Amino acid sequence: MTSFEPSGPMNVLWIMADQLRWDYLSCYGHPHLNTPHIDSLAARGVRFDNAYVQSPICGPSRMSSYTGRYCHSHGSTWNGFPLRVGEPTLGDHLRKQGVRPVLVGKTHMTVDAEGMEWLGINQTTEIGVRISECGFEPFERDDGLHPPEYDPHPPYNDYLRSKGIAGEHPWHDRANAGIDEAGERKSGWYLKYSNLPADIPEELSETPYMTTRAIEFMENAGDEPWLCHLSFIKPHWPYIVPAPYHDMYGPEQILPPVRDDRELETDHPVFKAFLESRICRTFARDEVRERVIPAYMGLIKQIDDQMGRLFSFMEERNLFDNTMIVFTSDHGDYLGDHWMGEKDLFHDQSVKVPLIIYDPRSQANATRGTSCDLLVESIDLAPTFQSFFGGPPLPHILEGRDLTPILIGEADANTWRTFLFSEYDYAVKEARARIGNAQEDARLVMIRDARYKYIHAEGFRPMLFDLQEDPDELMDLCGMMDDPALETIKLRFSDALSHWARRHHNRITMPPEAIEARTGHEPPGILIGVWDETDRRS
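1. Let's talk about the overall build of the protein chain
From N to C terminus, the protein chain includes 20 helices and 15 strands. By its C-alpha atoms, the protein chain is 100 × 65 × 50 Å across when sized along the principal axes. Counting over 538 residues, the protein chain shows a buried share of 57%. Sequence separation of at least 24 residues holds for 73% of the intrachain contacts in the protein chain that already meet a minimum separation of 6. Accessible surface, the protein chain: about 23,000 Å² in total, of which carbon and sulfur atoms supply 50%.

Here it is in structure tokens:
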């Protein structure tokens, strides 16, 4: 692979939308949702058509992206499960290279307060802040989940008050609520009111606000190389958006649901348990989809318009000359497909994400405006950023693969990964209570290759989808047919899972070169199995 020495300070703008489906952008084929600014980024870079997250849930997906490691390696397998003290993050690696890692928006990070107290680390110190903020310097941390009982004092509330939006909790009462025809205030948390415009001037709503904060950072960043993680909360629920976006789309722009009656007859205990949840039963109703999806599309359109504003600023400041720009998401949204809501299982609506990378270096000119169908994981971004800033490979820590060969057109499809993996810990979910299995058994692992998607369900039969013959993933082959040929396919995936699980995932304190230097040598002064002074090694 060609190596690069960046000339002058180089930067990365890492944009992550929350709960954005891969297929709800026009550059990925949506027929009604026009996203020209995101499309323009794809025209200047590489669009990845098989990018998957390491978990379909916000917290563990993001912790994998921020550490470059699989969920069972970093251990933060569900929302609110702390990322343990000492788990190295992308920010830790980049600081060693003189790069300033900055956060604007959401991480969903939960601090390991008990571990920090045990080690005597104060969360308000410089080191304590880094540990508490997933390795980032928080220019503005805002996870976007601020019901009064959860987070009554977000900085965004102060911002709204400074703009004349009065009230005890304007995030809840204005930015995520609407006024109905009777003049009554209705909360955006209720899906029924998703068609109402949010009671906030559009320019003060969350997406423009966070875009402004990113621009403010870049205006004052100075000459130090930086990585800015601009992390939007939208189009994540509450599904409510201010005018004019609230009614840009109607029933005629809603795509038909991707689902089959046979899915409701599944004999798989895990899939069946999720289908019986309130969330899935709600989103299986057409009236719910008709209320939610236009608002969801409006939220995405607003993001795209803000990308136009952001990219114009960057063009004016010549930041496209030295800034890698990445646009992606932390997971998708079922929106009623497969009779499901939210993002709990492994259909592409949930676990596949958009990924667009613009690389400013001239070596990437050959791939501009192209697409790539190789299997890519979200943990690949950390080693890609590490490489972009000229850092050494860290294969003993970072479990992803550097995407630079793809970006410069030197990737070898024959030696690229054969399988990708995603994990789901459903121990805290209602589904486990319905099934009645133990916490330690409430685990799913998805394995995908170029053709098939295999889902290991601890204690139960696997699920298998043929993405070539059944791209909509409507037919679970393991539940629909007893074909001896399937046994060969299942065995291949079972072996891949076993091989992956047996690999070293936590030998992170010893780099390969240090192990190689020790190989065949005892430590200095240590003599083992030596008879006397005349006994010398051959």
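Read on for the rest.
2. A look at helix α2 (residues 58-67)
An α-helical segment advances 3.6 residues per turn. Residues three or four places apart therefore align on the same side. Of all 10 residues that make up α2, 10 are buried, and the element is covered over most of its length. Looking only at α2, the buried set comprises Cys58, Gly59, Pro60, Ser61, Arg62, Met63, Ser64, Ser65, Tyr66 and Thr67. The inward-facing, buried residues of α2 abut β1 (11-18), α3 (71-74), α4 (90-96), β7 (226-235) and α15 (381-388). Of the residues trailing α2, glycine 68 is marked for its positive phi of about 70 degrees.

3. Remarks on the pattern of salt bridges
Applying the stated rule across the entire model yields 40 salt bridges. The salt bridge partner of glutamate 87 is arginine 69, with a shortest N-O separation of 2.5 Å. A residue pair is termed long-range when its members are at least 10 positions apart, and glutamate 87 in the loop between α3 and α4 and arginine 69 in the loop between α2 and α3 qualify at 18 residues. Overall, the relative accessible area of 6% leaves glutamate 87 in the buried class. Given the relative accessible area of 0%, arginine 69 is considered buried. One salt-bridge network, in which partners are shared between bridges, spans Asp18, Arg62, Lys106 and Asp330.

4. Here we look at the packing of helix α9 (residues 206-219) against helix α13 (residues 286-316)
Axis separation between α9 and α13 bottoms out at 10 Å; the angle between their running directions is 15 degrees. Taken together, the axis directions place α9 and α13 in an arrangement best described as roughly parallel. As α9 packs across α13, the resulting crossing turns out to be right-handed. Residues Thr207, Pro208, Thr211, Thr212, Ile215, Met218 and Glu219 of α9 form the contact with α13, whose participating residues are Gln302, Ile303, Gln306, Arg309, Leu310, Phe313 and Met314.

5. A look at the environment of alanine 364
With respect to the element layout, alanine 364 can be found in the loop between β9 (352-358) and β10 (370-372). Contact partners of alanine 364, with chain neighbours within four places excluded, come to Asp359, Leu407 and Ile408.

6. What about the pairing of strand β3 (residues 100-105)?
The buried fraction of β3 is high, at 6 of 6 residues. Two strands pair when backbone bridges link them, and β3 and β7 are joined in this way by 6 bridges, in the parallel orientation. Its bridge partner lying in β7, leucine 103 is registered against histidine 229. The pairing of β3 with strand β4 (residues 137-141) spans 4 bridges and is parallel. Opposite valine 102, over in β4, you have glutamate 137 as the bridge partner.

Reading guide: rules and limits
- Residues numbered from 1 in each chain as written.
- Predicted model: local features only at pLDDT ≥ 70, side-chain atom pairs only at ≥ 80, totals over all residues.
- Heavy atoms only, no water.
- Helix = DSSP H or I, 4+ residues; strand = E, 2+ residues; numbered from the N terminus.
- Buried < 20%, exposed > 50% of the residue type's maximum accessible area, 1.4 Å probe, protein only.
- Contact = heavy atoms within 4.5 Å.
- Areas by Shrake-Rupley, 256 points an atom, 1.4 Å probe, with all protein chains shown as cover.
- Salt bridge = Lys/Arg side-chain N within 4 Å of Asp/Glu carboxyl O.
- Axes fitted to C-alpha atoms, helices over the stretch in contact; angles between N-to-C directions.
- Parallel < 35°, antiparallel > 145°, perpendicular 65-115°, else oblique.
- Left-handed = near helix turned anticlockwise from the far one by under 90°.
- Pairing = 2+ DSSP bridges.

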